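The lines below spell out each chain.
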Amino acid sequence: MSPAIALAFLPLVVTLLVRYRHYFRLLVGTVLLRSLRDCLSGLRIEERAFSYVLTHALPGDPGHILTTLDHWSSHYEYLSHMGPVKGQILMRLVEEKAPACVLELGTYCGYSTLLIAQALPPGGRLLTVERDPRTATVAEKLIRLAGFDEHMVELIVGSSEEVIPCLRTQYQLSRADLVLLIHRPRCYLRDLQLLEAHALLPAGATVLADHVLFPGAPRFLQYAKSCGRYRCRLHHTGLPDFPAIKDGIAQLTYAGPG
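For the protein, the name recorded in an unreviewed UniProt entry is catechol O-methyltransferase, with Colobus angolensis palliatus as its organism. One UniProt comment on the protein, placed under Sequence similarities (unreviewed entry), says "Belongs to the class I-like SAM-binding methyltransferase superfamily. Cation-dependent O-methyltransferase family." Its UniProt record gives the protein a comment under Subcellular location (unreviewed entry), which states: "Endoplasmic reticulum".

See the structure below:
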């Protein structure tokens, strides 16, 4: 490419960089810099974050552990976690619905798991599923550090597609009063239909799905709105530490098989 042609494209490149600067920062932080730090340290970001929690958070205090993770994400490395704004929506709904049993698909580092666990009613139970064993190890340590035992919070290592059909027989979960989808948006529709097929959603159950606008789950949203079995509400938010990037949490209320 000649210098003249390159110069002609320069205003367009500058315009795109300015308009999408937040997405560019997110890409650099979550892909390029994270990969570099992973290689240099030999640790994943979740493991680095947990080391920070161990030295700065109060054991047995889930609220302080969550605040410490937020501080790590804001000041050191973006953690791609739920964050405090979405966290308040989740905790408010758990407290309002008082579910006897919650199913979380996508434990990740355990951030949303702690949010749910500390808002559960007495005797409430949380099953959380994480497909990556190394990430699950970090989450397990964080959950136990916060003071929640296996009877209250059980972590299952495996893919959601394989775990859901086994929930009733292997994990004694006959119904999930509240489900949080926070793993891979492209899997949301498949897993919702699996929950329906295995009769794990009672009438009135709440299904929350994060990241439905960014990176987005259009097929999931279209199904939920058109199938006639859900009342839908969308909570508009931004990404933690990137409020200019618009995202949302879908809240579905299951009316029954119909």
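Chemist: Could you clarify how one ought to interpret helix α4 (residues 62-75) in this entry?
Modeler: Since the α-helix turns once every 3.6 residues, residues separated by three or four places project in the same direction. Its 14 residues give α4 an end-to-end C-alpha distance of 20 Å, which sits within 8% of 20 Å, the value for a rise of 1.5 Å per residue. For α4, the full list of buried residues reads Pro-62, Ile-65, Leu-66, Thr-68, Leu-69, Asp-70, Trp-72 and Ser-73. Each element contacted by the buried residues of α4 is listed here: α3 (45-56), α5 (83-97), α6 (111-119) and α7 (133-145).

Chemist: Looking at this structure, I do not really get a nonpolar patch on the surface. What am I missing?
Modeler: A grouping of Phe-24, Leu-27, Val-31 and Leu-32 is seen on the molecular surface, where their side chains present a nonpolar patch of about 370 Å² in accessible area. Mapped onto the elements, Phe-24 comes out in helix α2 (residues 21-41). The exposure class of Phe-24 is partly exposed, given its relative accessible area of 46%.

Chemist: Looking at this structure, I do not really get the domain arrangement of the protein. What am I missing?
Modeler: Interface size is often expressed as the accessible area that is lost when the parts come together. Under the domain assignment, the protein is made up of domain 1 (1-42) and domain 2 (84-254). In this assembly, 6 residues from domain 1 lie in contact with 7 residues from domain 2. Summed over both sides, the interface between domain 1 and domain 2 buries roughly 560 Å², with carbon and sulfur atoms accounting for 71% of that surface. Of all residues in domain 1, His-22, Tyr-23 and Leu-26 give up the largest surface area on contact with domain 2, accounting jointly for 72% of the area buried on that side. Where domain 1 touches domain 2, the interface holds 0 salt bridges. The tally of links between domain 1 and domain 2 comes to 1 residue pair in polar contact (both at pLDDT 80 or more).

Chemist: Would you mind showing me how to read the nonpolar core here?
Modeler: Taken as a class, soluble globular proteins show a tendency for nonpolar side chains to be buried jointly. Core analysis: the biggest nonpolar cluster contains 42 residues, and Ile-65, Leu-69, Leu-90, Leu-114 and Ile-116 have the highest contact counts within it. Counting residues per element, the ones that place at least two in this core are α3, α4, α5, α6, α7, β3 (153-157) and β4 (178-181). Those residues in contact with Leu-90, other than ones at most four positions away along the chain, are Met-82, Ser-112, Leu-115, Ile-116, Leu-180 and Leu-208. The next biggest cluster of nonpolar side chains, apart from the first, holds 34 residues, and it includes Cys-101, Tyr-188, Val-212 and Leu-252.

Chemist: It is not clear to me how the pairing of strand β2 (residues 125-130) should be interpreted in this structure. Could you clarify?
Modeler: Most of β2 sits out of view: 5 of its 6 residues are buried. When strand β1 (residues 101-105) meets β2, the two strands line up parallel, connected through 5 bridges. Across the sheet, the residue bridging to Cys-101 is Arg-125, located in β2. Viewed along the sheet, the connection from β1 through α6 into β2 turns out right-handed. With 5 bridges connecting them, β2 and β3 associate as parallel partners. If you follow Val-129 over to β3, its bridge partner there is Ile-156.

Criteria and thresholds
- Residues numbered from 1 in each chain as written.
- Predicted model: local features only at pLDDT ≥ 70, side-chain atom pairs only at ≥ 80, totals over all residues.
- Heavy atoms only, no water.
- UniProt positions renumbered as here; feature names shortened; annotations may be inferred.
- Helix = DSSP H or I, 4+ residues; strand = E, 2+ residues; numbered from the N terminus.
- Expected span 1.5 Å × (residues − 1).
- Buried < 20%, exposed > 50% of the residue type's maximum accessible area, 1.4 Å probe, protein only.
- Contact = heavy atoms within 4.5 Å.
- Patch = residues over 30% accessible without salt bridge, like charges linked within 9 Å, V, L, I, M, F, W, Y side chains within 5 Å.
- Areas by Shrake-Rupley, 256 points an atom, 1.4 Å probe, with all protein chains shown as cover.
- Salt bridge = Lys/Arg side-chain N within 4 Å of Asp/Glu carboxyl O.
- Domains from an automatic or database assignment.
- Buried area = accessible area lost by both parts, 1.4 Å probe.
- Polar contact = N/O pair within 3.5 Å; in protein donor to acceptor, adjacent residues only side chain to side chain.
- Core = buried A, V, L, I, M, F, W, Y, C linked by side-chain atoms within 4.5 Å.
- Pairing = 2+ DSSP bridges.
- Right-handed = clockwise from strand over helix to strand, strands pointing away.

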